[in-house]
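Chain residues, written in single-letter form:
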Amino acid sequence: MLCRVMTKGAWISTAVCAVLLSAGCGGSTSDTKATSADPAPSTTRDQLVLSGAEFPADTKPLDLPPDKLRTSVSDLGDAMAKSTVTPADCKQPQVDLAALSNDLISNSSLAAATTEDMTVYVEFVANKVADTRTMAAANEKCAALTSASTVNGQHIDTVVKMEHLPTPDTLSGIDTLAYRATSTSTISDTTPRTRTSYQGWATLRGMTVGVRAAALSGTPDQATFEKLFTDAVEKVRTAK
């Protein structure tokens, strides 16, 4: 995932669409992969995402227009297409995933919140089933990758490392994936900047739940992310 000098607004858009553009290499969505015998909820999709009160206590809800998110995803996909990626075979899956994510956004309900220090929490629920097996295999293959690009005349080198995390015991029996992603970027001759984020994916009842925690600086609290991930999945699992 490319990293660049951003305003707070641009940082929020990037953090939000990153939950749909799983950092690392590859991943795809499939409408046919069965993950649960349970029927789809009758509850409307907008009511399946977490409410503002269900996000961490020190956060404020964010208003995220879908069109803006779709543009952000396209911008990130275009940037990756113009970058030099090592290993080279980790590039095309990222570009393909950006295109898939545009479709995913149009079939998702999304909620997000941020703290005063710009830790952003994002959750989405989609009427599509993510192919988590393909995603896991690709992320294992490309657990570490580098990208090099030039943006506005500035050379940017980014190193991304993915670490698979065990999902909470309470989600046992549900198709889940969770990762810690560490991204270190150097812009021209500046001091390298490292960001750590957490992301979780779950497929159940013919839907996909995605959760991400990302910070403008520092590292989000892992326990807070895990609780948010669990709460998001449980809301879909127990919905009528």
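In the block above lies the structure referred to throughout.
Just so it is clear, the model here is predicted, and its values are computed rather than measured.

Q: Sorry if this is basic, but what is going on with the packing of aromatic side chains here?
A: Each aromatic ring pair is described using two quantities: the centre-to-centre distance and the angle formed by the ring planes. This structure, assessed with the given rule, holds three aromatic pairs. Between the aromatic rings of Phe-124 and Trp-201, the centroid separation amounts to 5.8 Å while the plane-to-plane angle is 75 degrees, which identifies the pairing as edge-to-face. On the criterion of sequence distance, the pair formed by Phe-124 in strand β5 (residues 119-126) and Trp-201 in strand β10 (residues 193-204) is long-range, its members being 77 residues apart. The burial state of Phe-124 is the same as that of Trp-201; both residues are buried. Relative to Phe-229, the ring of Phe-225 lies with its centre 5.9 Å away and its plane at 10 degrees, an arrangement referred to as stacked. Separated by four residues within a single helix, Phe-225 and Phe-229 lie in helix α5 (residues 222-237), roughly one turn from each other. Comparing Phe-225 with Phe-229, the two get one shared label, buried. Each residue in the set Tyr-198, Phe-225 and Phe-229 is aromatic and connected to the rest through ring pairs, giving one cluster.

Q: It is not clear to me how the sheet that holds β5 should be interpreted in this structure. Could you clarify?
A: Hydrogen bonds between backbone groups are what pair the strands of a sheet, and the pairing can be parallel or antiparallel. With respect to topology, nine strands assemble into an open sheet ordered β2-β4-β5-β11-β10-β9-β8-β7-β3, the strand pairing being antiparallel. Two strands lie at the open edges of the sheet, namely β2 (60-61) and β3 (84-86), each paired on one side alone. Relative to β10, strand β9 (residues 175-187) is paired through 11 bridges, and the arrangement is antiparallel. Across the sheet, residue Thr-182 finds its bridge partner in β10, namely Thr-196. Where helix α4 (residues 132-141) meets the sheet, its contacts fall on β8 (154-164), β9 and β10, and the angle it forms with β9 comes to roughly 40 degrees. The strands touched by α5 are β5, β9, β10 and β11 (207-215); relative to β10, the strand with the most contacts, the crossing angle is about 20 degrees.

Q: For this particular structure, what's the right way to read the nonpolar core?
A: Looking at soluble globular proteins, one finds that nonpolar side chains tend to be buried together. Counting residues in each nonpolar core, the largest one holds 26 residues, and the members touching the most others are Val-209 and Val-233. With residues up to four places along the chain from it excluded, the contact list for Val-233 reads Leu-171, Ile-174, Ala-202, Leu-204 and Val-209. Formed by 13 residues, the second largest nonpolar core is a distinct cluster that contains Met-135, Cys-142, Ala-181 and Trp-201.

Q: Honestly, the state of the cysteines in this entry has me stumped. Any pointers?
A: A disulfide bridge is the covalent bond that connects two cysteines by way of their sulfur atoms. What the rule picks out here adds up to one disulfide. Residue pairing for Cys-90: its cysteine sulfur links by disulfide to Cys-142, the two sulfurs lying 1.9 Å apart. Across the disulfide from Cys-90 to Cys-142, rotation about the S-S bond amounts to roughly -90 degrees, and the bridge is consequently left-handed. Remark: Cys-142 occurs in the loop between α4 and β7 (144-151) and Cys-90 occurs in the loop between β3 and α3 (91-106); sequence separation between them is 52 residues.

Q: Sorry if this is basic, but what is going on with unusual backbone geometry here?
A: A negative phi angle is the norm for most residues apart from glycine, just as the trans form is the norm for most peptide bonds. Following Thr-86, the chain continues to Pro-87 via a peptide bond in cis, the omega torsion being 0 degrees. With respect to the helices and strands, Pro-87 occurs in the loop between β3 and α3. Its identity as a non-glycine residue notwithstanding, Met-118 has a phi of 70 degrees, on the positive side. Within the fold, Met-118 resides in the loop between β4 (108-114) and β5.

So, how was this worked out
- Residues numbered from 1 in each chain as written.
- Predicted model: local features only at pLDDT ≥ 70, side-chain atom pairs only at ≥ 80, totals over all residues.
- Heavy atoms only, no water.
- Phe/Tyr/Trp six-rings, centres within 6.5 Å; stacked < 30°, edge-to-face > 60°.
- Helix = DSSP H or I, 4+ residues; strand = E, 2+ residues; numbered from the N terminus.
- Buried < 20%, exposed > 50% of the residue type's maximum accessible area, 1.4 Å probe, protein only.
- Pairing = 2+ DSSP bridges.
- Contact = heavy atoms within 4.5 Å.
- Axes fitted to C-alpha atoms, helices over the stretch in contact; angles between N-to-C directions.
- Core = buried A, V, L, I, M, F, W, Y, C linked by side-chain atoms within 4.5 Å.
- Disulfide = S-S within 2.5 Å.

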